[in-house]
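Here's the letter readout for the chains.
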Amino acid sequence: MIALLAAAAFALVPVHGVVLDTLPDHTAIVRTDPVPGIQPALTRRYRISPPAVFADGTNVDALMDSATHPATLNKAIAAGRFAPGLPDSARAVRVEPGSSLPPVELVDQDGRAVQLDRAFAGKTLLLSFIFTRCPDRTLCPAITGKFAYLREHLDPQHFALAEITLDPQYDSPAILHEYAARYGAKRENWTMLTGTGSTITRLLDAFSVSSMRVSSANFLHDDKLLIASPAGRVATIVETASWDPDGALAQARAVAGMAGNPFERLKLALIANAIALCGGSQFAGIALLELTLFTMITVVALLGMWLVARILWPRRGKTEST
């Protein structure tokens, strides 16, 4: 009963399960995996919507709606358990600058459906990937902390923030709800998103995000910040967790057609280009950027000294001749 009440608190819950038996009335007996913070592993009868017939033993992904009786598995599809790994470009259309956001259905921290390509229409979107159990405070917690900074400096009427989990097996709507509350995120301007394992896999493939499991609760993964225009097209991709929030703020304003600090935008672009030049290594990229900036400053300083010398030496020569 407690599990049913917890599930009912969220309109939609991504689940994975195994079909044990399909019944003639468009229902099925399904054993679902545990959903952290919502329900343990359960075996019960579900309505399948739209109606579909699955062979016994088929693994399925679906969005569970517990408000019906029996509960409904919406948009159920045959799918294996979520397995992080290298992105497979053959399974999805790659998202690049100028591309539209993928048309996938996700679920936010309040259990509401979010159509990624339409939900943020009319707003400039800043999007990144995290997982709530991340143990390295310089990565996911740092990214979320920077999003908290952006939330304080961006008008929610024109901008939106979204973070998508890399760990859909653990990061249920309930877990994301707690995580969002910890950082003061509200879905009106800052959305935490999860989905079925197959949907998250599709997104990771589309955004070319690598995610490798190193333990039951930890992943090594790529870090990206994407900024999409109000028309839903990706304008900027920064492939590092070390992006500066003031640079992201300036670039987001520029994408929205507002005035943005050009120096902050330049710094953000230099970081992105340096990392791309270094084959995606953020540490090598930032080191290259620092070396480039040091060289530029040195050259400017030497040029300035040379100009000063040009001005002073002729005057000294004229003074001596008189």
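Please refer to the structure higher up on the page.
In this text the structure is predicted, and so the values were computed from the model without any measurement. (Residues numbered from 1 in each chain as written. Predicted model: local features only at pLDDT ≥ 70, side-chain atom pairs only at ≥ 80, totals over all residues. Heavy atoms only, no water.)

1. Observations concerning the sheet that holds strand β3 (residues 42-49)
Strand order in the closed barrel made by the five strands is β1-β2-β3-β5-β4, with mixed pairing throughout. The mean angle between the axes of side-by-side strands here comes to 55 degrees, regardless of whether they run parallel or antiparallel. One ladder, built from three bridges, connects β3 with strand β5 (residues 72-78); its direction is parallel. Within β5, the position partnered with Ile48 by the bridge is Leu73. (Pairing = 2+ DSSP bridges. Helix = DSSP H or I, 4+ residues; strand = E, 2+ residues; numbered from the N terminus. Axes fitted to C-alpha atoms, helices over the stretch in contact; angles between N-to-C directions.)

2. Points about the pairing of strand β10 (residues 190-194)
Consecutive residues of a regular strand have side chains that alternate between opposite faces of the sheet. The buried count for β10 comes to five of five residues, which makes it a mostly enclosed element. Here strand β6 (residues 105-108) pairs with β10 via two bridges, running antiparallel. Following the sheet pairing, Val107 is matched in β10 by Thr194. As judged from the four bridges shared by strand β9 (residues 159-165) and β10, these two strands associate in the parallel manner. Looking at the pairing, Ala162 lines up with Thr191 of β10. Once you follow β9 into helix α3 (residues 173-183) and on to β10, the crossover reads as right-handed. (Buried < 20%, exposed > 50% of the residue type's maximum accessible area, 1.4 Å probe, protein only. Right-handed = clockwise from strand over helix to strand, strands pointing away.)

3. With respect to the packing of aromatic side chains
Across all of its chains, the model carries five aromatic pairs by this definition. With a centroid separation of 5.5 Å and 65 degrees between ring planes, the pair formed by Phe129 and Phe207 is classed as edge-to-face. Taken as a pair, Phe129 in strand β8 (residues 124-130) and Phe207 in the loop between α4 (197-206) and β11 (211-215) lie far apart in primary sequence, 78 residues in all. A relative accessible area of 2% places Phe129 in the buried class. With relative accessibility at 2%, the residue Phe207 sits in the buried group. (Phe/Tyr/Trp six-rings, centres within 6.5 Å; stacked < 30°, edge-to-face > 60°.)

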